[in-house]
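Listed here are the chains, written in short residue letters.
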Amino acid sequence: MGARLCSNDTTGVSRKRNCLASTERSRTYIFDMTILTIIGARPQFIKAAVVSRTLGAKGVNEMLVHTGQHYDANMSDIFFDELEISPPEHHLRIGGGTHGQNTGRMIEAIEKVLLDTRPDWVLVYGDTDSTLAGAVAAVKLHIPVAHVEAGLRSFNRRMPEEINRVLTDHAASLLFAPTETAVEHLSREGISGASVHMVGDVMYDAALFYGEKAERTSSILVRLNLALGQYALATIHRAENTDNRQRLAAILEGFSGFDSEIVLPLHPRTRGRLATLGLALPGNVRAIDPVGYLDMVMLEKSAALIATDSGGVQKEAFFYRVPCVTLRDETEWSELVAGGWNRLAPPTCGSDISLAMKEALGSKGLEISPYGDGNAASRIADSLIGGVGT
Ligand code: UDP
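Residues numbered from 1 in each chain as written. Predicted model: local features only at pLDDT ≥ 70, side-chain atom pairs only at ≥ 80, totals over all residues. Heavy atoms only, no water.

(A) Quick look at the pattern of salt bridges. A full pass over the atoms with the stated rule returns 25 salt bridges. Where Arg247 meets Asp329, a salt bridge forms, and the shortest distance between an N and an O atom there is 3.3 Å. With Arg247 in helix 11 (residues 245-256) and Asp329 in the loop between strand 14 (324-326) and helix 15 (334-338), the pair connects residues that are 82 residues apart, well separated along the chain. Judged by its relative accessible area of 39%, Asp329 falls in the partly exposed class. Here Arg343 makes a salt bridge to Glu359, at a shortest N to O gap of 3.8 Å. (Salt bridge = Lys/Arg side-chain N within 4 Å of Asp/Glu carboxyl O. Helix = DSSP H or I, 4+ residues; strand = E, 2+ residues; numbered from the N terminus. Buried < 20%, exposed > 50% of the residue type's maximum accessible area, 1.4 Å probe, protein only.)

(B) Main features of unusual backbone geometry. Backbone geometry places Arg93, a non-glycine residue, at a positive phi of 50°. Mapped onto the fold, Arg93 is located in the loop between strand 5 (90-91) and helix 4 (99-117). One non-glycine residue with positive phi stands out, namely Asn225, at about 55°. Structurally, Asn225 is set in the loop between helix 9 (220-223) and strand 10 (231-235).

(C) Main features of the site of the ligand. Contacts to the ligand come from 19 residues, most closely from Arg238, Val291, Ser310, Gly312 and Glu316. Within the side chain of Arg238, an N or O atom sits 2.7 Å from an oxygen atom of the ligand. At 2.7 Å from an oxygen atom of the ligand is found a main-chain nitrogen or oxygen belonging to Gly312. The biggest single contributor to the shell around the ligand is helix 14 (residues 311-319), with four residues. (Near = heavy atom within 4 Å. Polar contact = N/O pair within 3.5 Å; in protein donor to acceptor, adjacent residues only side chain to side chain.)

(D) Region of the structure containing the sheet that holds strand 9 (residues 196-198). Pairing is parallel across the open sheet formed by seven strands, whose spatial order is 5-4-3-6-7-8-9. Each edge of the open sheet carries a strand with a single partner, namely strand 5 and strand 9. Sheet topology note: the strand 3 (residues 34-39)/strand 4 (residues 61-66) ladder contains six bridges and is parallel. Considered in strand 4, the bridge of Leu36 is made with Met63. (Pairing = 2+ DSSP bridges.)

(E) Seen up close, the pairing of strand 7 (residues 145-148). Burial along strand 7 is two-sided: the face carrying Val145 and His147 and the face carrying Ala146 and Val148 are both buried. As paired strands, strand 6 (residues 121-125) and strand 7 are joined by four bridges and run parallel to one another. Pairing of Tyr125 across the sheet is with Val148, part of strand 7. In this fold, the crossover linking strand 6 to strand 7 by way of helix 5 (residues 129-140) has right-handed handedness. In this sheet, strand 8 (residues 174-177) lies alongside strand 7 in parallel orientation, the contact comprising three bridges. By the bridge assignment for strand 8, Val148 is matched with Phe176. Once the chain exits strand 7 it traverses helix 6 (residues 160-171) before rejoining the sheet at strand 8, and the crossover so formed is right-handed. (Right-handed = clockwise from strand over helix to strand, strands pointing away.)

Okay, here's the thing in structure tokens:
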């Protein structure tokens, strides 16, 4: 395994197919190793896009498995198209069930893929059911797991994401932490040494790579007739908010007390919950369908304020220096709160949310750089190639 250069690879049909794809990308050599990447949800497509491109450029074979956790065209296909991610070799089409159903079915299906392909590494991202299923299926077959975005903690064990990330970290052989804080969290849980790499945040890589492309190609401001700095952008999708009527109602009340227009790309889960809970959006909230990443970046960059319960959107607000209000009780990205770029507004009281949004408008934080230098993907690829931690 690891750093043996070769010019071709003819072991097995799917591997050969992937070898050809990688050869097309790198045009010179490939490493005699195969990485099987498991993704299934919107933020994972974005994170994987930068790492996959780097792996391809460095001549590494990579196979993609899409679990199907997010399956709508505007939650999945658009990211493969826009971010030029190779089509997945395996599409498991598992979604729409409970956490237990999805995770169980994914483990079973991923195990089959792993038995067929026998990769050298399984690469997983973040904190979704797809992350956990990939990690569990791989370690049981003694295939080492590499976890991108390791060490994040909300310390709220009621969040499915927290359970997924803790268990995945403890199963992984290579842990790619985005921040020093994440490294400290791992160390406190007894995970340290050569397996832990502080690489920086791949979402910062993505922001640098696609930020400029978004400026050139996105027409969303014109399409929605939005003026720079004249609106707020909001996202809500976390189960703790969408599945709790009081919290969701408090968020809507908070939005209604904000003076400007709020653009809300509506996650399918939130759209469904609003309907079943019989909650109406306030008049100043403009709901739109979920948008592709380039349009989202443009909406973020041009907003006066962002209000969100998303992990990725909190960081993107900071990347584009837009003040952010986080609609949660706690955040994994605590350095942004400490640095003055983000403030927590727990969705328990509408007027507190409006106040936090008004106070955040126009505010600036400290010049901090907790997320590395934009080369996280390259460090991840080099560590995988080196096989450190196996
Ligand atoms: N995003 C997007 N279109 C949207 C909403 C979000 O491209 O309509 C992007 C956003 O820019 C960020 C990522 O999706 O990069 C965040 O995903 P999400 O909020 O679903 O998950 P989380 O980051 O909370 O895990």
